[in-house]
Amino acid sequence: MTKSSKILERYQTYLGEFVYGGIDGSVTTFAVVAGSVGAGLDSAIIIILGFANLLADGFSMSIGAYLSTQSEQANFKKIKKAKQKSIHQFPDLEKAKLRKLYLKKGIKSEHIDALIVSITQDESLWIDTILIEEEALIQDNKSAFSVGLATYISFLLIGLLPLLIYVWDYLVTFPGHTFLWASILTGFSFIIIGYLKSIITEASAVKGVLETLTLGVVAASVAYFVGDLLERILL
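Now for a description of the structure that goes with this document. (Residues numbered from 1 in each chain as written. Predicted model: local features only at pLDDT ≥ 70, side-chain atom pairs only at ≥ 80, totals over all residues. Heavy atoms only, no water.)

1. Let's talk about the nonpolar core
- Ranked by size, the top nonpolar core spans 14 residues in total, and within it Val33, Ala34, Tyr166 and Phe179 carry the most contacts.
- Those elements giving two or more residues to this core turn out to be α2 (15-38), α3 (43-89), α7 (144-171), α8 (178-201) and α9 (205-234).
- One finds Ile116, Ile119, Ile127 and Leu131 within the second-largest nonpolar core, a separate group that totals 11 residues. (Core = buried A, V, L, I, M, F, W, Y, C linked by side-chain atoms within 4.5 Å. Buried < 20%, exposed > 50% of the residue type's maximum accessible area, 1.4 Å probe, protein only. Helix = DSSP H or I, 4+ residues; strand = E, 2+ residues; numbered from the N terminus.)

2. Quick word on a nonpolar patch on the surface
- A cluster of nonpolar side chains, namely Val218, Val222, Val226, Leu229, Leu230, Ile233 and Leu234, defines an oily patch on the protein surface of about 670 Å² accessible area.
- Within the fold, Leu234 resides in helix α9.
- For Leu234, a relative accessible area of 65% corresponds to the exposed category. (Patch = residues over 30% accessible without salt bridge, like charges linked within 9 Å, V, L, I, M, F, W, Y side chains within 5 Å. Areas by Shrake-Rupley, 256 points an atom, 1.4 Å probe, with all protein chains shown as cover. Salt bridge = Lys/Arg side-chain N within 4 Å of Asp/Glu carboxyl O.)

3. Considering the packing of aromatic side chains
- By the definition in use, this model includes 3 aromatic pairs.
- Measuring from centroid to centroid gives 5.8 Å for Phe30 and Phe179, while their planes differ by 0 degrees, and the two rings are stacked. With a gap of 149 residues between them, Phe30 in helix α2 and Phe179 in helix α8 connect regions that are remote in the sequence. Pair check on accessibility: Phe30 and Phe179 agree, each one buried.
- On the basis of an interplanar angle of 80 degrees and a centroid distance of 4.8 Å, the ring pair of Trp168 and Phe174 is categorised as edge-to-face.
- Residue class for Trp168 comes out partly exposed when judged on its relative accessible area of 41%. (Phe/Tyr/Trp six-rings, centres within 6.5 Å; stacked < 30°, edge-to-face > 60°.)

So far we have only geometry, and geometry alone does not tell us how the molecule works.
Here you go:
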């Protein structure tokens, strides 16, 4: 396997984390921007609030992803160890459980006997079969650190897009409507993330893009009108 194909394989492994980190990053950051615009805040304040959200919320989400992956892997190892102990102490009971499961699946009894003999000859295969058939568990070999890192990087990269125009406007006056162009950039990020999401879920690309766009529009609209309402009440 070439170096480029290894990189591609690694990218695909963590594509799910990248997509969901990107969705959260784009939606929450753009919601902050929309709420701030609705409240009539200037670019400097929008940048402060936006980056505070981007860094803090992104870090929180990545830590959550890291801890969740660690917890799931620890739970898998615990159950696997218990099943390994069980097949050593109660092999006939574990075989009977498999037989019952295969009967429920509609497999003929004479075929089940041969199947169980074949499976139980290999301890690793036996344990894996029990975990899949009884517990509906499949081992996840992803690195918890890489899961958290992919989530954080995606959150930062995609979530940064709505803020770029306001950074530009703060440094040198932006020659256009800041919120309009921030919306266009965010819409573009929604399209990319929605398309990648459709790859993971194996759904229609159009459906994935429309779902993500709808989510972003709803979140931004709520934030904008809440910001506008609070600005009218409090200021």
